[in-house]
Amino acid sequence: DTEVTQTPKHLVMGMTNKKSLKCEQHMGHRAMYWYKQKAKKPPELMFVYSYEKLSINESVPSRFSPECPNSSLLNLHLHALQPEDSALYLCASKTGENTEAFFGQGTRLTVV
Amino acid sequence: GQQLNQSPQSMFIQEGEDVSMNCTSSSIFNTWLWYKQDPGEGPVLLIALYKAGELTSNGRLTAQFGITRKDSFLNISASIPSDVGIYFCAGQQAGTASKLTFGTGTRLQVTL
């Protein structure tokens, strides 16, 4: 089983809304990632969690707030987003050093 | 952030033709990964490479980890219509929570 599950698949939110994206994996992976992907561009790293602790923050604006409540779950809390934040948000996980990362199907976010 | 140079940017080929694409970097990587992404979906792992010089096959796909650890190529033999999509290379350095750096992508279109 190499499944990373993201919910919701689509999300439309207003600029004053608060919403959350969810990512779940049951492969025992200890590293989990959030990526942002704009149309016709490669994914760009936002955050990395290692053993449930934030390891890397790629200078992401504070309106994006990650959370890792346990080893299987990764959330991305969204607040006061801008229309330019509209993108495909991807979650990934991997088991350890020198191993491959598996991606979820993504959440298509539209900010209106 | 850093992106890897991937070429060609796009290609139109006829069904049955072989395809070749490559990725180069100014940095050394411990792992090279190749993904395929369909519109609106997450990247799907095709091949993972762990050692310099390694040549790995997955069905009609063959990929190699360059000797210098700064490049990789992917070949697709006897292309079929379902090969259409965007192919990304990705380089990964050592560490459980290491960054995955993506190439700029190759858009493949197959004509019958």
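Here, every reference points to the structure presented above.
K.L.:
Tell me what's going on with the side chain of Gln25 of chain A, and back it up with residues and numbers.
P.N.:
Residue and element names in this part refer to chain A. Within the secondary structure layout, Gln25 lies in strand β3 (residues 18-25). Among the polar contacts made by the side chain of Gln25, one reaches the main-chain amide nitrogen of Met27 at a distance of 2.9 Å. If we skip the residues at most four places from it in the chain, Gln25 touches Glu3, Val4, Met32, Ser71, Ser72 and Ser93.

K.L.:
Now, about the sheet that holds strand β3 (residues 19-24) of chain B: what can you tell me, with residues and values included?
P.N.:
Residue and element names in this part refer to chain B. The five strands lie next to each other as β1-β3-β8-β7-β6, forming an open sheet whose pairing is antiparallel. The two strands at the open ends of the sheet, each matched to only one other strand, are β1 (5-7) and β6 (55-58). When strand polarity is set aside, the average angle formed by the axes of neighbouring strands in this sheet is 15 degrees. Across four bridges, the pairing between β6 and strand β7 (residues 61-65) is antiparallel. By the bridge assignment, Ser57 is partnered in β7 with Thr62.

K.L.:
Please set out the pairing of strand β11 (residues 107-111) of chain A residue by residue, giving values where relevant.
P.N.:
Residue and element names in this part refer to chain A. Side chains of β11 alternate between two faces, with Thr107, Leu109 and Val111 buried and Arg108 and Thr110 left unburied. Sheet topology note: the strand β2 (residues 10-13)/β11 ladder contains four bridges and is parallel. Across the sheet, residue Met13 finds its bridge partner in β11, namely Val111. Pairing between strand β9 (residues 87-94) and β11: three bridges, direction antiparallel.

K.L.:
So, the interface of chain B and chain A: which residues are in play, and what are the values?
P.N.:
Across the boundary between the two partners, chain B contributes 26 residues, which contact 32 residues of chain A. Summed over both partners, the interface of chain B with chain A buries about 2,100 Å², with 54% contributed by carbon and sulfur atoms. When the area that chain B buries against chain A is broken down by residue, the three leading residues are Thr96, Ala97 and Lys99 of chain B, summing to 26%. At the junction of chain B and chain A, the tally comes to two salt bridges. Notably, a salt bridge pairs Lys99 of chain B with Glu58 of chain A, separated by 3.1 Å at the nearest N-O pair.

K.L.:
For the pairing of β3 of chain B, give the residues involved together with the corresponding values.
P.N.:
Residues and elements named next belong to chain B. Of the two faces of β3, the one lined by Val19, Met21 and Cys23 is fully buried and the one lined by Ser20, Asn22 and Thr24 carries no buried residue. Here β1 pairs with β3 via three bridges, running antiparallel. From the neighbouring strand, Gln6 faces β3, where its bridge partner is Cys23. Relative to strand β8 (residues 71-76), β3 runs antiparallel, the two being bridged by six bridges. The residue bridging Asn22 from the neighbouring strand is Phe73, located in β8.

Parameters and conventions
Residues numbered from 1 in each chain as written. Chains lettered and ligands numbered in written order. Predicted model: local features only at pLDDT ≥ 70, side-chain atom pairs only at ≥ 80, totals over all residues. Heavy atoms only, no water. Helix = DSSP H or I, 4+ residues; strand = E, 2+ residues; numbered from the N terminus. Polar contact = N/O pair within 3.5 Å; in protein donor to acceptor, adjacent residues only side chain to side chain. Contact = heavy atoms within 4.5 Å. Pairing = 2+ DSSP bridges. Axes fitted to C-alpha atoms, helices over the stretch in contact; angles between N-to-C directions. Buried < 20%, exposed > 50% of the residue type's maximum accessible area, 1.4 Å probe, protein only. Buried area = accessible area lost by both parts, 1.4 Å probe. Salt bridge = Lys/Arg side-chain N within 4 Å of Asp/Glu carboxyl O.

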